[in-house]
Amino acid sequence: MTVREKIENNEKIMLSEKACPSADTKGRIIQEEKCPLRTDFQRDRDRIIHSNSFRRLKHKTQVFFNIDNDHICTRMEHVQHVDSVSNTISKKLGLNEELTKAIAIAHDLGHAPFGHQGETVIKELTQKYLGKNFWHEQNGVYFVDKVELLEDNQKNL
């Protein structure tokens, strides 16, 4: 039995009936062989951490850049705070901690430039010209599913 299979078996015992076990993932855009060491959700988490989109969070602040104030946090720090809180909640509720971690660390990847004001402008433009709403959460999924995959494929050409 592989390490991944042991983890998946433990999840069946430990997780709440409301949780999504790693073995029940709906699959991936690009099919791949199962990893003997990590579950699909662990692989998702690792891909997000190593993605260009995630690494760019270290240079973005939540509101503005101010070197005179150590209490202004970057999006990377914010994501770590969200990860910490969501992990505690996930553990208490018996949810899949790896899935929760992947969601927490990816939740801000699709933010527009210039914070929420930039998101407001993009929402107005996408509504006017495309008839769609813009949500940074959906944009984050787009980045993880499409943009990062395109960048990876271009490297392999």
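None of the values given here were measured: they were computed from a predicted structure.

Moving on, we get to the nonpolar core. By size, the foremost hydrophobic cluster in this structure holds 9 residues: Ile48, Phe54, Leu57, Met76, Val79, Ala102, Ile105, Ala106 and Leu109. Residue contributions to this core peak at 3 residues, all from helix 5 (residues 97-106).

Taken together, the side chains of Arg55, Arg56, Lys58 and Lys60 define a basic patch exposed on the protein surface. Positionally, Arg55 belongs in helix 3 (residues 52-55).

Before going further, it helps to examine the packing of helix 4 (residues 75-93) against helix 5. To characterise two packed helices, one gives the angle between the axes of the helices and the distance between these axes. It is at 9 Å that the axes of helix 4 and helix 5 come closest, and there the two elements cross at 155°. Looking at the two axes, helix 4 sits roughly antiparallel to helix 5. In this structure, the crossing between helix 4 and helix 5 has a hand that is right-handed. Counted together, Val79, Val82, Asp83, Ser86, Asn87, Ser90 and Lys91 of helix 4 and Glu97, Thr100, Lys101, Ala104 and Ile105 of helix 5 form the full contact between these two elements. Classifying every residue of the contact of helix 4 with helix 5 by side-chain character gives 4 nonpolar, 4 polar and 4 charged.

Cut-offs used in this document
Residues numbered from 1 in each chain as written. Predicted model: local features only at pLDDT ≥ 70, side-chain atom pairs only at ≥ 80, totals over all residues. Heavy atoms only, no water. Core = buried A, V, L, I, M, F, W, Y, C linked by side-chain atoms within 4.5 Å. Buried < 20%, exposed > 50% of the residue type's maximum accessible area, 1.4 Å probe, protein only. Helix = DSSP H or I, 4+ residues; strand = E, 2+ residues; numbered from the N terminus. Patch = residues over 30% accessible without salt bridge, like charges linked within 9 Å, V, L, I, M, F, W, Y side chains within 5 Å. Areas by Shrake-Rupley, 256 points an atom, 1.4 Å probe, with all protein chains shown as cover. Salt bridge = Lys/Arg side-chain N within 4 Å of Asp/Glu carboxyl O. Lys, Arg positive; Asp, Glu negative; His and termini not counted. Charge placed at Lys NZ, Arg CZ, Asp CG, Glu CD. Axes fitted to C-alpha atoms, helices over the stretch in contact; angles between N-to-C directions. Parallel < 35°, antiparallel > 145°, perpendicular 65-115°, else oblique. Left-handed = near helix turned anticlockwise from the far one by under 90°. Contact = heavy atoms within 4.5 Å. Nonpolar A, V, L, I, M, F, W, Y, C, P; charged D, E, K, R; others polar.

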